[in-house]
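# Overview (structure and organization)
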Amino acid sequence: MNASPAGSGGSPALPAWVPAGPPTRFDPSATTRRLRRDRRRAERFERWGDIYVGVLGVGILLAYVLGLVQFLAQGLRDSGAAGLVRPGVAVVPATDAGSALLAIALLGVAGLLTGLGPVAVDRAQGLWWFSLPVDRGPMLSRQLRIRLVWVFAGGVVAWLPLGLSAGTAGPFGYSGPPMAELVAGCATLGLEFVVFGLVAAAAQTARIRHGFARALMVAGVLLALAYAIDAVSRAAGAARSPFSGLWPVLPSVWPAAGTWLAPAALVPVVVAGWLLVRPRLDRIRTSDLLDAGGISGQAGNSIALLDVRSLARSFSRGPRRTSHVRDAWARLLPARFGASPVAALLRAEALVLLRTGNVWARLLVSLALLAGTVTAHGGGSAVVLCVATALAGILAAQAAGAAASEAARVPGLDALLPLDSRTARRAHGLLPVVVLAPWGALAGTIMGWGLAGPGAPGDWTLLVAIGALCGIGLAGGSLRMAYRPELDWETVLQRQVLGKAGGPLIGHAVHGMELMLIALVPLGVALLLAPVPAVLLAVAAGVGVAGWFAGTYRPQPL
Amino acid sequence: MDPQDAPLLTARDLVAGYGDFEVCGPLDLVFDRGDALGIVGLNAAGKSTLLRTLIGRQPPVSGRAAVLGVFTDDTSHVHRRLVSAVFDEDAFFDSLTVEEHLQLIVSGHGVPDGQEAVERELEFFELAAARDALPDALSSGQRRRLLLAAGLIRPAELLVLDEPEQRLDPPIRAQLAVRLRARIENGGAVLLVTHDAVLLTTVVDRCLIVGDGLRFASAGEGAAAIGGA
C-alpha cells in the first residue's frame, strides 16, 4: 500500500470510517479476458490469420533488409579503404563507425521504449480497471513481461541481417564460426533491448518518463555530433580527438564480439533490473499509463496503416514544457510579417517548424551521417555513399516537411485564407525550400570536402551548388509526402483477392519518398563522376525545379 | 499530517496548470465528509484542471493537495476506495455489455449484493433495456449515463463529478440532482463542476467561482455567475 505522498513507505493509521484493508483480490483483467473470450470465440481463426500475416510480413521485411545489408557489406568489401573518397579522409576504423551507429540505434530504441511506456494501459483499462482498489502490481508486471518478450524478439530479429552479413568478411569485426556467433549476437542484442526496456520502466516508476525520453534524444544527437567531430578532425589530420576513446567502450560493440560472454553478463543485469522494477510498478501514475497507452495505440494504428509520418508523430506526443508558448521565435517573426496571405501562411508554418522539437536534431543527425560515412574506413564505396546520401536526404526532407504535414492534416486551415488551393499548396512548398536548399548545400560541402578537397575547388563548388539544387527537389518530395492521399482500403481489399494487395500498400508507404530519391539523383551522379561536368549543374536545376513543381502539384477534384 | 486527524481532502496554496503554466490558484481548501462544493466559471477558466489537480489526477504547478493528508494521487488503493470521479472520459471495452461494465465495478469494489446494485443503477439511469448492448450500440447520452452509473454504483467517501449534466435529458438531470443532495445529507462529500444553475443550487450550498482569481460564494451567487439566476 502506498502511504506517503510519493507512494512508498508503510501503512498510515487511517480513521475507523475509512474502508482501508488490503486491496481486493479481484482480478479485473482476468474477468475481462474471460468475458471477451466467450464473446470472441468466433474470431479465433481470424486471430490465427492475423498472426500468420504478421509473421509473413516480418519475414518479407527481414528478407529485404538482409538483401540491403548484404549489398552494403559487399560494397564495403569491394571498395577497399577509400573508394571514391580522396586518400587520407577515410581514416576512422569501421569498428568505431559500427559502434557509434549501433549506440545511436540503441539510444533510439530506448527512446521508442520510453515513449511506449513501456508499461501502458488503454483508456478503457484506465477507466474501468485502474479506478478499482485492487493491487495493480500483478496486472502491470504481466503487461511488462509480455512487452519485454516482444522487445527481446525485436532485438533478435534486428541483429539477424547484421549478423548474417557480417559473419564472413568482418566489416563489423566479426569472425569465427558463424552460427554460434550469430546466435550469441542475437541473444546479446535481444538482452540489450530488454535492459533498455527495464531502464525505461525504471524511469516510469521514478516518474521521469518524459524527461528521460528527452534526455535520450539529446544523448543520441550529441553522440552523432561527437562522432562526426571526431571523424572529421581525424580525417583532417589530428591523430585523436577528445571523443576517440568513446567508441571502443560503448556497449553496442558487444553483439559484434560474437561470444557468449556478453549475453551471459547481461542475464544477471536483466534479472536484477526486473527485481528492482517489479515491486515499484504500482507507483506509476494512472495518467502516465494512459499517456503511454495513447502513444502505443497511435503507433500501432500507424504501423497497421503503413503511415510513417503518423508513427513519428505518435512518439512526439506528450506534454510540452508549457502548453502556452511565448518564445523568441514569435518575436523574431512578428504578426505583421508581410501583409499577404502567402506571407501569413509562411509565418505560421515557420513558427510550427521552429517549435517542432526534433526537426533540428534530425537535420543535424542527417548531416552527421554523411560526415561519418565519408570519413569511415570503407565508407567511400559508391554503394555506401549513395545509400547514406539517400537516407540522409529522406531524413532531412521528412523533418523539413513537419509544418506542411500539420497543414495537410487540417485542410480547413487553408480555406481560412483568401488563397486558391493551388497557390496554397505552392505556398506550403516554400518553407521546405528555405530549409532544404541550405541543407543540400551543406551536404554538398561535406561530399566536396571528402571527394574533391581543396585540391579541386571547382568540383567542390559544383557539388555545393548541386546539393542546394537537390534541396529544392527534396522540398517537393517532402510536400508530396505530407499531402499523401488516404489509402483506399477498398482497392486494397479487392486486389487482395487476386493476391495483389502489395502494390497499393507499398505505393502508399513510399508516396513522396520516390520523389525525394529522384531529387537526389544528380548529387549521386556527381559523386560517381570525377571531375564533375558543369552540365550536371543544369541537370540538377531541372530536376530540382521539376521535383518541386511535382510535389506542389494538386490534382483538381473530379 | 496524521491521517487519523486529517480532513477528507485538503489543498494548500494549490496552483493548477500544465508544466509551469498556471491556470488557476492558489487555493486553500479543507473538505470533509458531508461537505459539498460546486465549482463554476466560464469556459477555459480552469475548473476541470483544478478538479483533476485536487484529486491527484495531474500534478500541481505548485502547492499540494491530498486525501487524508497523505494520498496525493491514485496510486494508492485507499485513494481509489475513497474517491470516485467521473470526468468526460468516454472509454469502454468494446466486447463488454453495459451490465458487464457495471459488474466489473461492483466486483472490484466488493460491493455487497452487487447484482442488486447493478439492477438499481440500470433502472435509475434508464439503461435496463440496453443492459446487453455493447458500447458501439449505445447513444452518446447512454454512454454518459453508463459512466455516471459506474461512478455512483460503488461506495466512495468523495464523489467528484465534472459537468455531469452533459448529454443528459432534463428528467435524469433532475433525478440526479435529488440523488446527489440526498447523498450529501447522508454524510457523503461531493465536488461538482457544472454549468447547470439548477443542478448547482439543488446540490450544493456553496461554490467556488473560478475566473479572475478564485472566490468562494454561495450557490446562488455561483448560479448568477453562470447566468442561471
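Residues numbered from 1 in each chain as written. Chains lettered and ligands numbered in written order. Predicted model: local features only at pLDDT ≥ 70, side-chain atom pairs only at ≥ 80, totals over all residues. Heavy atoms only, no water.

## Remarks on the packing of aromatic side chains
Aromatic ring pairs are defined here through the distance separating the ring centres and the angle between the ring planes. The condition that has to hold: To pair, rings of Phe, Tyr and Trp, with the six-membered ring standing in for Trp, must have centres within 6.5 Å; the planes then decide the type, stacked if under 30 degrees apart, edge-to-face if over 60, and tilted in the middle. Helix numbering and strand numbering both begin at the N terminus, where a helix is a DSSP run of H or I of at least 4 residues and a strand a DSSP run of E of at least 2. For each residue, the accessible area found with a 1.4 Å probe, counting protein chains only, is set against the maximum for its type, and the residue is called buried under 20%, exposed over 50%, and partly exposed in between. Working rule: Lys NZ or Arg CZ, within 6 Å of ring centre, within 35 degrees of ring normal, means a charge sits over the ring.
Per the stated rule, a full pass over the model turns up 5 aromatic pairs over all chains. With centroids separated by 5.9 Å and ring planes inclined at 40°, the aromatic side chains of Trp128 of chain A and Phe92 of chain B adopt a geometry described as tilted. Separated into two different chains, Trp128 of chain A in helix 4 (residues 123-128) and Phe92 of chain B in the loop between strand 5 (83-86) and helix 3 (98-108) make up a pair that spans both. What makes Trp128 of chain A buried here is its relative accessible area of 1%. Among the residues examined, Phe92 of chain B registers a relative accessible area of 11% and is labelled buried. Where Phe124 of chain B meets Phe125 of chain B, the ring centres are 4.8 Å apart and the plane angle is 75°; that geometry is what we call edge-to-face. By relative accessible area, Phe124 of chain B is classed as buried at 19%. Looking at Arg425 of chain A, its charged tip hangs above the ring of Tyr483 of chain A, at a distance of 4.0 Å from the centre. One residue, Arg179 of chain B, lies across the ring of Phe124 of chain B, its end atom 4.6 Å from the ring centre.

## Here we look at the confidence of the model for chain A
Residues and elements named next belong to chain A. Test applied: Known as pLDDT, the predictor's per-residue confidence is scaled from 0 to 100. Contact between two residues is taken to exist if any of their heavy atoms lie within 4.5 Å; hydrogens are not considered.
On average, residues of chain A carry a pLDDT of 82, and 84% of them reach 70 or more. Here helix 8 (residues 254-257) is the element of chain A with the lowest mean pLDDT, 64, and helix 23 (residues 535-552) is the one with the highest, 94. When the criterion is pLDDT under 50, residues 168-174 qualifies, and its contacts beyond four places in sequence or with other chains add up to 20 contacts.

## Let's talk about a nonpolar patch on the surface
The test is simple: In this scheme, patches are assembled from residues that exceed 30% relative accessible area and form no salt bridge. Like charges are connected within 9 Å, while nonpolar side chains (Val, Leu, Ile, Met, Phe, Trp, Tyr) are connected within 5 Å. Each accessible area is a Shrake-Rupley estimate made with a 1.4 Å probe; only the visible protein chains count as cover when residues are assessed. When a carboxyl oxygen of Asp or Glu is within 4 Å of a side-chain nitrogen of Lys or Arg, the pair counts as a salt bridge.
Taken together, the side chains of Tyr52, Val53, Leu56, Ile60 and Tyr64 of chain A present a nonpolar region at the surface, about 580 Å² in accessible area. Mapping Val53 of chain A onto the fold places it in helix 2 (residues 44-79).

## Comments concerning unusual backbone geometry
Here the bond from Gly117 of chain A into Pro118 of chain A is cis, since omega is 5°, no more than 30 degrees from zero. Relative to the elements of secondary structure, Pro118 of chain A occurs in the loop between helix 3 (94-116) and helix 4. Of note, the bond from Gly25 of chain B into Pro26 of chain B is cis; its omega dihedral lies within 30 degrees of zero at 0°. Inspection of the secondary structure puts Pro26 of chain B in strand 2 (residues 21-31). Of note, Asp113 of chain B is a non-glycine position whose phi angle comes to about 50°, a positive value.

## Structural notes on the interface of chain A and chain B
A common way to report how large an interface is uses the accessible area buried once the components associate. We count it as follows: The term buried area refers to how much accessible surface (probe radius 1.4 Å) is lost by two components on association, counted for both of them together. Side-chain atoms alone can form a polar contact between residues adjacent in sequence; in general such a contact is a pair of N or O atoms within 3.5 Å, and within protein one must be able to donate a hydrogen while the other accepts it.
Between chain A and chain B, the contact holds 49 residues from the first and 48 residues from the second. Taken over both partners, the interface formed by chain A and chain B buries close to 4100 Å², and the fraction arising from carbon and sulfur atoms is 62%. Linking chain A with chain B are 3 salt bridges. Connecting chain A to chain B are 8 residue pairs in polar contact (both at pLDDT 80 or more). Of all the secondary-structure elements, those providing two or more residues to the side of chain A that touches chain B are helix 1 (28-39), helix 4 and helix 10 (286-304) of chain A. Looking at which element gives the most residues to the side of chain A that touches chain B, the answer is helix 1 of chain A, with 6 residues.

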